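# A structural walkthrough
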Amino acid sequence: MIDLYTSPTPNGWKAAMALEELSLDYTVKNIDLAAGDQHKPYFLKMNPNGRIPVIVDHEEDGLVIFDSNAILFYLAEKTGKLLPPEGIERQEVMQWLMFQASGIGPMQGQAVAFERYFPKDVPDARARYHNETRRLYEVLNTRLTARTWLAKDFSIADISNWSWIRSHRWARVPTDGLKELERWMEQMRARPACDRGLNIPPSPGRADAVKSFGSAMTVSYTHLRAHETEADLVCRLLLEKK
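Here is a short report on the structure shown in this document. Keep in mind the model is a prediction, meaning the values are calculated, not measured.

### Considerations on the pairing of strand β2 (residues 26-30)
As paired elements, strand β1 (residues 2-6) and β2 share five bridges and run parallel to each other. What sits directly across from D3, in β2, is T27. As for the winding sense of the linkage, the β-α-β connection from β1 through helix α1 (residues 10-21) to β2 is right-handed.

### Describing the packing of helix α3 (residues 68-79) against helix α4 (residues 87-117)
Packing of α3 against α4 leaves a shortest axis separation of 11 Å and a crossing angle of 160°. Between α3 and α4, the interaxial angle falls into the category roughly antiparallel. Crossing geometry of α3 relative to α4 is assigned as right-handed. Here N69, L72, F73 and E77 of α3 lie close against α4, whose contacting residues are R90, M94, L97, Q100 and A101.

### Thoughts on the pattern of salt bridges
Tallied over the entire structure, the rule returns 15 salt bridges. The partner of E77 in a salt bridge is R90, with the nearest N and O atoms 3.2 Å apart. With a gap of 13 residues between them, E77 in helix α3 and R90 in helix α4 connect regions that are remote in the sequence. Its relative accessible area of 14% is what places R90 among the buried residues. In this structure, E89 and K152 form a salt bridge, with 3.4 Å as the shortest nitrogen-oxygen distance. Within this pair, whereas E89 is found in helix α4, its partner K152 is found in the loop between α5 (123-143) and α6 (156-165), the two being separated by 63 residues in sequence. Judged by relative accessible area, E89 falls into the partly exposed class, the value being 35%. Several salt bridges converge on common partners, so that one network encompasses E115, D121, R126 and R172.

### Regarding α4
Over its 31 residues, α4 runs 43 Å from end to end, which matches the ideal 45 Å to within 8%, given 1.5 Å per residue. Of all bends in α4, the biggest is about 35°, found at Q100.

### Describing the pairing of β1
Within β1, five of the five residues are buried, leaving the element largely enclosed by the surrounding structure. Neither face of β1 is open: one carries I2, L4 and T6, the other D3 and Y5, and all of them are buried.

### Considering the sheet that holds β2
Here we have four strands laid out as an open sheet, ordered β2-β1-β3-β4, and mixed in their pairing. The sheet terminates laterally at β2 and β4 (63-66), the two strands that pair on one side only. Each adjacent strand pair in this sheet contributes to an overall mean axis angle of 20°, direction not counted. Both strand β3 (residues 54-57) and β4 contribute to a ladder of four bridges, which runs antiparallel.

### Considerations on the packing of aromatic side chains
Inspection of every chain in the model, using the stated rule, returns five aromatic pairs. When the centroid spacing of 5.6 Å and the interplanar angle of 10° are considered together, the rings of F114 and Y129 count as stacked. Taken together, the residues span a long stretch of sequence, with F114 in helix α4 and Y129 in helix α5 at a distance of 15 residues. Here the two residues F114 and Y129 agree in accessibility, since each one is buried.

### A look at unusual backbone geometry
Cis rather than trans, the peptide bond between I52 and P53 has omega equal to 0°. Of note, P53 is situated in the loop between α2 (41-46) and β3. A cis amide bond links I200 to the next residue, P201, at an omega of -10°. With respect to the helices and strands, the residue P201 is situated in the loop between α8 (192-197) and α9 (207-214). The backbone of S23 shows a phi angle near 55°, a positive value even though the residue is not glycine. Summarising the element assignment, S23 is placed in the loop between α1 and β2. Backbone geometry places D61, a non-glycine residue, at a positive phi of 60°. If you trace the backbone, D61 turns up in the loop between β3 and β4. Since its relative accessible area comes to 80%, D61 is described here as exposed.

Cut-offs and rules
- Residues numbered from 1 in each chain as written.
- Predicted model: local features only at pLDDT ≥ 70, side-chain atom pairs only at ≥ 80, totals over all residues.
- Heavy atoms only, no water.
- Pairing = 2+ DSSP bridges.
- Helix = DSSP H or I, 4+ residues; strand = E, 2+ residues; numbered from the N terminus.
- Right-handed = clockwise from strand over helix to strand, strands pointing away.
- Axes fitted to C-alpha atoms, helices over the stretch in contact; angles between N-to-C directions.
- Parallel < 35°, antiparallel > 145°, perpendicular 65-115°, else oblique.
- Left-handed = near helix turned anticlockwise from the far one by under 90°.
- Contact = heavy atoms within 4.5 Å.
- Salt bridge = Lys/Arg side-chain N within 4 Å of Asp/Glu carboxyl O.
- Buried < 20%, exposed > 50% of the residue type's maximum accessible area, 1.4 Å probe, protein only.
- Expected span 1.5 Å × (residues − 1).
- Bend = angle between axes of the 7 residues up to and from the residue.
- Phe/Tyr/Trp six-rings, centres within 6.5 Å; stacked < 30°, edge-to-face > 60°.

Have a look at this one:
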């Protein structure tokens, strides 16, 4: 049995989608980011970085794995699925998995921050992250030309990238004209296991509710405390208003 400590975010959904695709038994341990669960001692003992998701594999003497892509890699290795065992095909999966970790995640994350949550309009920053995210989408679109998946077969690389790209509208980065990327996205949506994973745990609400949550960030980033991210600041401000 695996315990999944998670929240409804792109990185959290990665782990849930993989667990569903692999048909592994697991229990969901919801981490309330707004309440600061990720900073509590019991959680920091599992992940000193204070970020979700985290898994605990009780079949392996309580082995703890943190970081979403590390979890995908571990689960694929554990089951022998979604990652070829060796050779060029394995390396292709790994490089597109890392493409998400070093490109799509950081760039789209900043695009969302400056489009939705930053307290002041910073046009140059918005343009920078919007354009870079769109460029990365174009890289994927080219990669998907004449191929069904990012590697030879459906893999953890597809899960990792789609978990972020599916929310491109929230980042205000269009996929217009990227026919291969949009075709691939439809394939991902059509996978029942991935669809289930996107609701584990359920989303906090509609886009307007998420927007209201993010709009609490009405102060300068100079108010960030030690080890506090922009998202943590939003949570803290909401709690302080209660």
